Amino acid sequence: LVEDAKTAFGSASSGDDLDAARIEFLGAKKGRLKTIQKSLGKVDNADKPAAGKELNATKSAITDAFDAAKSRLGTGADGEVADPTFDPTLPGTQFRMGNLHPITQTINELKDIMGRLGFTHAEGPEVEDDYHNFKALNIPSSHPARDPLDNFYLRTAQNQADSIGKELDDENPLLLRSQTSTVQIRVMETTKPPVRIFSLGRVYRPDTPDWSHYPMFHQMEGLMVDENVTLADLKTVLRLFANSYLGGDVKIRIRPSFFPFTEPSVEADYYWNGKWVEFGGAGIVDPNVLAAVGYDTESVSGFAFGLGIERLCMIRHKITDIRYLFTNDVRFLRQF
Ligand code: PHE
């Protein structure tokens with residue numbers, strides 16, 4: 001058998017020939033070696049060790065012969081003849097280096113700026129409960145902001161509760177957070193004033209996508225609580241922030257607005273390329289919010305703001321449609 005195999009492998013002149021010979025001798029089902037191996041069962045028990053040894057020796061001799069033929073023909077493991085036109089001295093294909101997503105780049109830059117302004121980075125979960133997303137932020141249960149049509153409430157928790165036969169806390173359902181203001185509460189629950197934090201992250205709202213809306217986007221939240229914090233401090237921080245992010249001396253203005261968790265509430269704009277651009281919401285933290293986390297509203301006050309990160313990124317890079325940021329077309333992404 002070994003001699004037969006050597007002849008067959010030795011005379012193979014192509015990868016196909018060699019492969020055919022390999023199947024004849026070493027095939028896993030009907031190969032000649034396999035056939036012999038199968039008949040080993042009929043050998044007397046006393047003769048089995050010797051027969052097994054013989055079989056192994058045969059197998060390795062045949063395999064050696066195959067390997068020798070394979071390297072003679074220069075074939076790969078799959079029996080293909082190596083490409084004779086392959087020239088290893090030619091320069092290789094240039095691969096383009098990847099880069100960070102524009103939103104990630106913006107986030108990194110915002111972290112830098114806020115760090116320089118003396119704010120500490122804080123994080124909170126994207127799956128939040130009603131308490132942190134609404135109640136602790138002074139948003140009453142009747143408030144339209146809690147509408148199921150405006151929020152991604154989660155059924156998962158309900159299903160889990162059902163499966164273990166427990167009542168779900170209907171008073172405090174889970175949802176994908178709709179604003180990063182949740183982090184204000186989480187930080188104040190665990191830290192005593194003075195507080196000076198910022199938080200960056202995803203928020204979710206079931207909006208129909210258009211050039212400026214997307215069901216998921218990013219916000220940056222800022223919060224400062226200390227003695228005698230006023231609207232003037234808020235304006236200063238927003239102006240320093242705008243100057244750093246946009247470069248130069250950027251004008252900003254605040255307009256009256258309303259948020260349940262700030263009083264007074266403002267909408268901040270900055271002046272950019274000849275027009276006023278909306279920055280985000282802000283205001284002086286409502287005493288109800290401070291009281292809910294156990295702060296002494298007689299001795300401390302604070303400001304908070306929430307800015308849309310996509311908007312900042314789009315202004316900077318002259319991106320005209322938020323959807324470009326999330327459809328992951330490399331032709332778009334590689335421009336940053
Ligand atoms: N959370 C508000 C929003 O999503 C923005 C905001 C943050 C307003 C902090 C005031 C203070 O629109």
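Keep in mind the model is a prediction, meaning the values are calculated, not measured.

If you check the shell around the ligand, you find 14 residues, and the closest are Q179, S181, R205, Q219 and G306. Here S181 contributes a side-chain N or O atom positioned 2.9 Å from a nitrogen atom of the ligand. Side-chain polar atom of R205 to an oxygen atom of the ligand: 2.8 Å apart, as the coordinates give it. Among the detected pockets, the ligand sits in the largest pocket. Within the residue set of the shell around the ligand, elements represented by two or more residues are α8 (181–190), β6 (216–226), β9 (275–285) and β10 (301–308). Here the residues of the shell around the ligand sort into 5 nonpolar, 7 polar and 2 charged.

Okay, the UniProt feature "binding site: Mg(2+)" (unreviewed entry) in the protein chain next. According to UniProt, the positions carrying the feature "binding site: Mg(2+)" (unreviewed entry) are E263. Following the sequence through the fold, E263 ends up in strand β8 (residues 262–272).

The next subject is unusual backbone geometry. In this structure, the amide linkage connecting P193 to the following residue, P194, adopts the cis form with an omega of 5°. Along the chain, the position of P194 falls in the loop between α8 and β5 (195–204). In this structure, P264 follows E263 across a cis peptide bond, with omega equal to 0°. A positive phi angle is found at N228, which is not glycine, with a value near 55°. Classification of N228 by relative accessible area gives exposed; the value is 66%.

Take the sheet that holds strand β1 (residues 120–122) next. Within a sheet, adjacent strands bond to each other through the backbone by hydrogen bonds, running parallel or antiparallel. Read from one edge to the other, the open sheet built from 7 strands follows the order β1-β5-β6-β10-β9-β8-β7, with strand pairing classed as mixed. Both outer strands of the open sheet, β1 and β7 (252–259), are each paired with one neighbouring strand and no more. Averaged over all adjacent pairs, the angle separating strand axes in this sheet is 25°, with direction ignored. Summarising the sheet, β8 and β9 pair through 9 bridges and their orientation is antiparallel. Paired with T262 across the bridge in β9 is V285. Seen against the sheet, helix α5 (residues 102–116) touches β1, β5, β6 and β10 and runs at an angle of roughly 165° to β5.

Put simply, helix α1 (residues 2–11) and helix α4 (residues 48–73) touch, their axes get as near as 9 Å, and they point 10° apart. Here α1 is positioned roughly parallel relative to α4, judged by the angle of their axes. The residues of α4 that touch α1, namely those facing V2, A5, K6, F9 and G10, are T58, A61, I62, A65, F66, A69 and R72. In terms of residue class, the contact of α1 with α4 is built from 8 nonpolar, 2 polar and 2 charged.

Mapped onto the secondary structure, N133 falls in helix α6 (residues 130–133). A relative accessible area of 0% places N133 in the buried class. Looking at N133, its side chain comes within polar contact range of the side chain of S178, at 3.0 Å. When near neighbours in sequence (up to four residues on either side) are disregarded, N133 contacts I139, L175, R177, S178, Q179 and T182.

Criteria and cut-off values
- Residues numbered from 1 in each chain as written.
- Predicted model: local features only at pLDDT ≥ 70, side-chain atom pairs only at ≥ 80, totals over all residues.
- Heavy atoms only, no water.
- Near = heavy atom within 4 Å.
- Polar contact = N/O pair within 3.5 Å; in protein donor to acceptor, adjacent residues only side chain to side chain.
- 1 Å grid on protein atoms, 1.4 Å probe; cavity = no way out; pocket = protein on both sides within 12 Å on 5 of 7 lines; lining within 4 Å.
- Sits in = over half its atoms within 2 Å of the grid points.
- Helix = DSSP H or I, 4+ residues; strand = E, 2+ residues; numbered from the N terminus.
- Nonpolar A, V, L, I, M, F, W, Y, C, P; charged D, E, K, R; others polar.
- UniProt positions renumbered as here; feature names shortened; annotations may be inferred.
- Buried < 20%, exposed > 50% of the residue type's maximum accessible area, 1.4 Å probe, protein only.
- Pairing = 2+ DSSP bridges.
- Axes fitted to C-alpha atoms, helices over the stretch in contact; angles between N-to-C directions.
- Contact = heavy atoms within 4.5 Å.
- Parallel < 35°, antiparallel > 145°, perpendicular 65-115°, else oblique.

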